[in-house]
Amino acid sequence: MGMDSPGIRDLLVGLFADDEVDAAVLGRIRAGEIRTWVEAVDRSGLFGREVVARVRQQWTEDPRSLLDVLLGTADDLTRRRWLGEWGGPAASERLIS
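Here the structure is a predicted model, which means the values were calculated and not measured.

Caption draft 1: Looking closely at a negative patch on the surface. A cluster of acidic residues, Asp18, Asp19, Glu20 and Asp22, forms a negative patch on the protein surface. Position of Asp18 among the secondary structure elements: in the loop between α1 (6-15) and α2 (23-30). Take Asp18: its relative accessible area is 74%, and that puts it in the exposed class.

Caption draft 2: Highlighting the side chain of Ser65. Of note, Ser65 is situated in helix α5 (residues 63-70). Taking relative accessible area as the criterion, Ser65 reaches 8% and is therefore assigned buried. A distance of 2.6 Å separates a polar side-chain atom of Ser65 from the backbone oxygen of Asp62. Among residues more than four places away in sequence, those in contact with Ser65 are Gln58 and Trp59.

Caption draft 3: Inspection of the packing of aromatic side chains at higher detail. Tallied over the full model, the rule gives one aromatic pair. Here Arg30 stacks its cationic end above the ring of Trp86, 5.5 Å away from the centre of that ring.

Caption draft 4: Molecular detail of the packing of helix α3 (residues 35-44) against helix α4 (residues 49-61). Close contact between α3 and α4 brings their axes to 10 Å; oriented N to C, the two are set at 165°. It follows from the interaxial angle that α3 and α4 lie roughly antiparallel. Once α3 is placed against α4, the crossing between them reads as right-handed. Along the contact surface, α3 presents Trp37, Val38, Val41 and Asp42, while α4 presents Val52, Val55, Arg56 and Trp59. Grouping the constituent residues of the contact of α3 with α4 by class yields six nonpolar, no polar and two charged.

Caption draft 5: Molecular detail of the environment of Ala53. Secondary-structure assignment places Ala53 in helix α4. Note on Ala53: relative accessible area 37%, which makes it partly exposed. Between the C-alpha atom of Ala53 and that of Val38, which follows or precedes it by 15 residues, the distance is 8.7 Å.

Reading the values: the criteria
Residues numbered from 1 in each chain as written. Predicted model: local features only at pLDDT ≥ 70, side-chain atom pairs only at ≥ 80, totals over all residues. Heavy atoms only, no water. Patch = residues over 30% accessible without salt bridge, like charges linked within 9 Å, V, L, I, M, F, W, Y side chains within 5 Å. Areas by Shrake-Rupley, 256 points an atom, 1.4 Å probe, with all protein chains shown as cover. Salt bridge = Lys/Arg side-chain N within 4 Å of Asp/Glu carboxyl O. Lys, Arg positive; Asp, Glu negative; His and termini not counted. Charge placed at Lys NZ, Arg CZ, Asp CG, Glu CD. Helix = DSSP H or I, 4+ residues; strand = E, 2+ residues; numbered from the N terminus. Buried < 20%, exposed > 50% of the residue type's maximum accessible area, 1.4 Å probe, protein only. Polar contact = N/O pair within 3.5 Å; in protein donor to acceptor, adjacent residues only side chain to side chain. Contact = heavy atoms within 4.5 Å. Phe/Tyr/Trp six-rings, centres within 6.5 Å; stacked < 30°, edge-to-face > 60°. Lys NZ or Arg CZ within 6 Å of the ring centre and 35° of its normal. Axes fitted to C-alpha atoms, helices over the stretch in contact; angles between N-to-C directions. Parallel < 35°, antiparallel > 145°, perpendicular 65-115°, else oblique. Left-handed = near helix turned anticlockwise from the far one by under 90°. Nonpolar A, V, L, I, M, F, W, Y, C, P; charged D, E, K, R; others polar.

Here it is as structure tokens:
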């Protein structure tokens, strides 16, 4: 079963359903600081070592896929906000005008 399997993605979304996305979370993901989430996947006991390794690899290579999981149960407005922030400059890079 691959990492892209709907079953695995659904379990990951459910695992992080209570996690909120904010500017700090977005910054950590952009910086590649994914250890906390990978450890949560590993400690959950829902996945074997191979799947945990694939999750780590995917989130390392494509950090936005972690953001997609974290926004899996978010309402449309929240999803659009944070996906828009992902596509735009980092908050720390924006100038106040």
